[in-house]
Number of protein chains: 2
Amino acid sequence: MFSKACQYGIKATLHIAEQSSQGKRVSLKGIAKAIDSPEAFTAKILQLLAKNNIVNSIKGPSGGFEIAESDLDNIRLIQIVTAIDGDQIFNGCGLGLKKCDENNPCPVHEKFKSVRDDLKNMLATTNIRELAAGLNAGNTYLRV
Amino acid sequence: MFSKACQYGIKATLHIAEQSSQGKRVSLKGIAKAIDSPEAFTAKILQLLAKNNIVNSIKGPSGGFEIAESDLDNIRLIQIVTAIDGDQIFNGCGLGLKKCDENNPCPVHEKFKSVRDDLKNMLATTNIRELAAGLNAGNTYLRV
DNA sequence: ATATATTCGGATAATATTGTCCGAAATAGA
DNA sequence: TCTATTTCGGACAATATTATCCGAATATAT
């Protein structure tokens, strides 16, 4: 469904959100450990997330990554997915056709439309505070 | 969503289904042209589909690929997707966790579950006769 | 039998994705 | 100011996916 980079990106963002909601800043090392991901590769993804204003990065000692309290409601899954994988997954044709639309549909156009729209709607309405809350409560997990 | 191989596989199967429903057998060359795919790569995918009893292959002059009339109702999209991409997309965790389930859910488990189940249900209930009919009627397209 | 048309299957190549390494830049604290 | 800690960014490496090539196997028709 999503690329590995995107999966790491979502997990990293959620871990940062969880920690930020407790007022804690977290380092690359801490993130990689928390989400069980390769550190250097995760660093690349975090750079991308930072450029897209999804997370905030602070250099230097006691630096790391955080998300402003006020952003936890605004940041939604769709922003992470779009930043890393693009919008093909919920906007593109299921069979990869360039010009597939209502007037020129591929054979699975209608069938896929509802699935794609559901996915897009879910991603667009789910904010990270909600997901971080489950982590904080110990009801959900980011590894194993 | 699906790999390119899988997209080619679905398109190839639908083209064969369309032709088979008209009693016509079709060659690799014809398929690659009809679905605008690289011929040699398409050949590999067709071998895989043949091994999985999704299409029937006939060697020699006037050979090619076909699907028995009686199979058009039985063959569903889920078989093609499973044969080529596996079941991770509709059975696996959205974040790639190995052991993500009701008792040990990832943060997006519930949200993804409905999307995944919708997708799986759609793939499991859509047979290729139905999709081939749209092609035959000229209502849907496999290229451009 | 022979020539021809076709799929099969193994080897190889090109490209994309995933992952690593390391020096540069920034910044906090001594 | 100096040192240590951290992210940044570019180059590189490994792996997976996509794509190509070509001889072998098979079957048809002459």
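Within each chain, residue numbers correspond to sequence positions counted from 1 in written order. Key to labels: chains lettered from A, ligands numbered from 1, both in the order written. Residue-level local features of this predicted model are given only where pLDDT is at least 70; pairs of side-chain atoms are given and counted only at 80 or more, and the full residue set underlies all totals for whole chains, interfaces and linings.

Whether a residue is near a molecule or strand depends on its C-beta atom, generated from backbone atoms, being within 6 Å of that molecule or strand. Surrounding DNA strand D, one finds 24 residues, the nearest of these being Leu 28 and Ser 57 of chain A together with Pro 38, Ala 40 and Gly 60 of chain B. Counting residues per element, the ones that place at least two in the surface near DNA strand D are helix H3 (39-51) and strand E2 (64-66) of chain A together with helix H1 (4-20) and helix H3 (39-51) of chain B. The helix and strand labels rest on DSSP assignments: H or I over at least four residues marks a helix, E over at least two residues marks a strand, and numbering proceeds from the N terminus. Element by element, the count of residues in the surface near DNA strand D is highest for H3 of chain A, at four residues. When the residues that make up the surface near DNA strand D are grouped by side-chain class, the tally is 11 nonpolar, nine polar and four charged. In this classification, the charged set is Asp, Glu, Lys and Arg, the nonpolar set is Ala, Val, Leu, Ile, Met, Phe, Trp, Tyr, Cys and Pro, and all remaining amino acids, among them Gly, are polar.

In this section: the interface of chain A and chain B. With 31 residues of chain A in contact, the opposing surface of chain B contributes 31 residues. Taken together, the elements giving at least two residues each to the side of chain A that touches chain B come down to helix H1 (4-20), helix H6 (109-125) and helix H7 (128-136) of chain A. Considering every element that reaches the side of chain A that touches chain B, the biggest residue donor is H6 of chain A, with six residues. For the side of chain A that touches chain B, the residue count by class is 18 nonpolar, eight polar and five charged. It is the C-beta atoms, placed from the backbone, that decide contacts: two residues are in contact if theirs lie within 7 Å.

For the rest of this paragraph, the subject is the protein's contact with DNA strand C. With respect to spatial proximity, 25 residues lie near DNA strand C, and among them Pro 38, Ala 40 and Gly 60 of chain A together with Leu 28 and Ser 57 of chain B are the closest. Elements that contribute at least two residues to the surface near DNA strand C include exactly H1 and H3 of chain A together with H3 and strand E2 (64-66) of chain B. Looking at which element gives the most residues to the surface near DNA strand C, the answer is H3 of chain B, with four residues. A per-class count over the surface near DNA strand C returns 11 nonpolar, 10 polar and four charged.

A few words now on the relation of the copies chain A and chain B. The operation relating chain A to chain B is a screw motion whose rotation component is 180°, with 0.0 Å of axial translation and a residual RMSD of 0.0 Å. Both chain copies can therefore be described as sitting about a two-fold axis. Nearest to the rotation axis, the C-alpha of Met 1 of chain A is located 2.4 Å from it, this being the minimum over chain A. Mapped onto chain B, 100% of the interface residues of chain A are again interface residues, and the two copies thus contact each other with one and the same surface. In this comparison the copies share one frame, found by least squares on the C-alpha atoms of residues holding pLDDT of at least 70 in both.

Our next topic: H1 of chain B. Multiplying one less than the number of residues by 1.5 Å gives the expected span of a helix. Under the 1.5 Å per step criterion, the end-to-end length of H1 of chain B is 24 Å for 17 residues, consistent within 8% with the ideal 24 Å. Field definition: a residue is buried when 20 or more other C-beta atoms are found within 10 Å of its C-beta, exposed when 12 or fewer are, and partly exposed for counts in between, with C-beta atoms placed from the backbone. By the criterion of burial, H1 of chain B is predominantly enclosed, with 15 of the 17 residues buried.

Before going further, it helps to examine the nonpolar core. Of all hydrophobic cores here, the largest spans 76 residues; its most connected members are Leu 14 of chain A together with Leu 14 of chain B. The contacts of Leu 14 of chain B, once residues within four sequence positions are left out, are Pro 107 of chain A together with Ile 128, Leu 131, Ala 132, Leu 135 and Leu 142 of chain B. Each nonpolar core reported here comprises buried Ala, Val, Leu, Ile, Met, Phe, Trp, Tyr and Cys residues connected via C-beta atoms within 7 Å.

All names here are of chain A. Axis lines are fitted through C-alpha atoms, for helices just across the contact stretch, and the angle between N-to-C directions can take any value from 0 to 180 degrees. Running from N to C, H1 and H7 cross one another at 75°; their axes reach a closest spacing of 8 Å. Classified by the angle between their axes, H1 and H7 sit roughly perpendicular to one another. Two secondary-structure elements touch here, H1 through Thr 13, Leu 14, Ala 17 and Glu 18 and H7 through Ile 128, Arg 129, Leu 131, Ala 132, Leu 135 and Asn 136. Of the residues assigned to the contact of H1 with H7, the class counts are six nonpolar, two polar and two charged. In these notes the angle categories are as follows: under 35 degrees is roughly parallel, over 145 is roughly antiparallel, 65 to 115 is roughly perpendicular, and the rest is oblique.

This part is about unusual backbone geometry. Residue and element names in this part refer to chain A. Positive phi, normally seen in glycine, also occurs at Asn 53, with a value near 55°. Tracing the sequence through the fold places Asn 53 in the loop between H3 and strand E1 (56-58). In the Ramachandran plot, Ser 62 falls in the positive-phi region, its phi being about 60° despite a non-glycine side chain. Within the secondary structure, Ser 62 is located in the loop between E1 and E2. Note on Ser 62: 7 C-beta atoms within 10 Å, which makes it exposed.

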